[in-house]
Amino acid sequence: MTLENDELKLYRGQDFVVSRNVVIHQPSLNEICDYGERDYYSMIYQLTATPQSMKWQLWDMGIDYTEITPFELFYGFLFRLYPQEKTSILFGDLDFTKFQVAQRKDDGSPLLYQAIEKNNADNIGWEEIILDEFTYHMITDYLRKVHFIPKDEQLPANKATKMILIEDAREESLRHKDKAYHSPLKNMVSAMINSEGFKYSHADVWDMKINAFMDSVKRISKIKNANLLLQSGYSGFGVNLKEISNRQLDWLGELE
């Protein structure tokens, strides 16, 4: 089995089979709404967190975020945060809280391990589930691509910059701590169903998989921006198209 994030399959919304017992389901807007948008995205950001995205929390725990890897953060803290009933929207019956930290016998590298009981016609007995660093990266890369979440891996140039970044992150978090939550998806759904070029109505947009919907948000924005630039440039009174990158004008290009 080849472990790769096929972009077309991801856009189509089909489940991503990582291994026999690790399958990631891509939810629809309807499923996310029923789950709870705020709780859903909180879980997604936690599962895909890097040390850089938790720099001040780690510092307060006595951990330098520049000295641990994303996988060390995951198997050290994050995988235990969500019981099966919380992660089932993504991972079905897989229970992350039952994993144990172990080591490979050949090279001593860390991994997460659990054994599950199988009692069916094809398989009777116990089956191992292993999440090593490679599998972890495949899972988190998939989740980031599905939700258009950038991966924060920036490292400070020196200790002084590191401390500034830690305090800036702490202040940013505290500044938003008591703010009322407003649904980003609600605004995007509202914008899309009222946008020319979006073919889904309020009744059927909820069946869209989250990646296809987020892709539509970005694609329609890219198309409109390209059209505005072209209209302005060809009018003779607006922008100079020679000064605009082809990436901005190519509405068939990659989304950022």
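Residues numbered from 1 in each chain as written. Predicted model: local features only at pLDDT ≥ 70, side-chain atom pairs only at ≥ 80, totals over all residues. Heavy atoms only, no water.

Draft legend 1. Main features of the overall build of the protein. Along the protein, the regular secondary structure elements total 11 helices and five strands. Seen through its C-alpha atoms, the protein measures out along the principal axes to roughly 70 × 55 × 40 Å. Taken across its 256 residues, the protein has 38% of its residues classed as buried. Looking at the protein alone, contacts between residues at least 24 apart form 58% of all its contacts between residues at least 6 apart. Taken as two groups, the 29 positive and 39 negative side-chain charges of the protein have centres that lie 4 Å from each other. (Helix = DSSP H or I, 4+ residues; strand = E, 2+ residues; numbered from the N terminus. Buried < 20%, exposed > 50% of the residue type's maximum accessible area, 1.4 Å probe, protein only. Contact = heavy atoms within 4.5 Å. Lys, Arg positive; Asp, Glu negative; His and termini not counted. Charge placed at Lys NZ, Arg CZ, Asp CG, Glu CD.)

Draft legend 2. Here's a closer look at unusual backbone geometry. Residues other than glycine seldom take positive phi values, yet Phe 148 does so here, at roughly 55°. As for its placement among the helices and strands, Phe 148 is situated in the loop between helix 7 (133-147) and helix 8 (159-177). Of the residues examined, Phe 148 reaches a relative accessible area of 26% and is grouped as partly exposed.

Draft legend 3. Molecular detail of the layout of surface pockets. Of the voids in this model, the largest pocket is the one considered here, and its volume is about 1200 Å³. Lining the largest pocket are 36 residues; nearest its centre among them are Tyr 41, Ser 42, Tyr 45, Gln 46 and Ser 53. Mapped onto the lining of the largest pocket, the elements with two or more residues apiece are helix 3 (37-47), helix 4 (55-60), helix 7, helix 8, helix 9 (184-193) and helix 10 (210-235). It is helix 3 that provides the largest number of residues to the lining of the largest pocket, a total of seven residues. In terms of residue class, the lining of the largest pocket is made up of 15 nonpolar, 10 polar and 11 charged. (1 Å grid on protein atoms, 1.4 Å probe; cavity = no way out; pocket = protein on both sides within 12 Å on 5 of 7 lines; lining within 4 Å. Points joined across faces, edges and corners; volume = space filled by probe spheres on them. Nonpolar A, V, L, I, M, F, W, Y, C, P; charged D, E, K, R; others polar.)

Draft legend 4. Highlighting the packing of helix 9 against helix 10. Helix 10 packs onto helix 9 with a crossing angle of 60° between their chain directions and a minimal axis gap of 11 Å. One element, helix 9, and the other, helix 10, form an angle in the oblique class. Every pair of crossing elements has a handedness; the one defined by helix 9 and helix 10 is left-handed. Touching Leu 185, Met 188, Val 189 and Met 192 of helix 9 are Ile 210, Phe 213, Met 214, Ser 216, Val 217 and Ile 220, all from helix 10. In terms of residue class, the contact of helix 9 with helix 10 is made up of nine nonpolar, one polar and no charged. (Axes fitted to C-alpha atoms, helices over the stretch in contact; angles between N-to-C directions. Parallel < 35°, antiparallel > 145°, perpendicular 65-115°, else oblique. Left-handed = near helix turned anticlockwise from the far one by under 90°.)

Draft legend 5. Layout of the pattern of salt bridges. Taken as a whole, this structure holds eight salt bridges when the rule is applied. A salt bridge links Lys 162 to Asp 64, with the shortest nitrogen-to-oxygen separation between them at 2.6 Å. Of this pair, Lys 162 sits in helix 8 while Asp 64 sits in the loop between helix 4 and helix 5 (70-76); the two residues are 98 residues apart in sequence, bridging distant segments of the chain. Like Asp 64, Lys 162 is buried. In this structure, Arg 104 engages Asp 132 in a salt bridge whose closest nitrogen and oxygen atoms are separated by 2.6 Å. In this pair, Arg 104 sits in the loop between strand 3 (100-103) and strand 4 (110-119) while Asp 132 sits in the loop between strand 5 (124-131) and helix 7, placing the two residues 28 residues apart along the sequence. Residue Arg 104 is classed as partly exposed on the basis of its relative accessible area of 30%. (Salt bridge = Lys/Arg side-chain N within 4 Å of Asp/Glu carboxyl O.)

Such coordinate-based values are descriptive only and should not be taken to indicate function.
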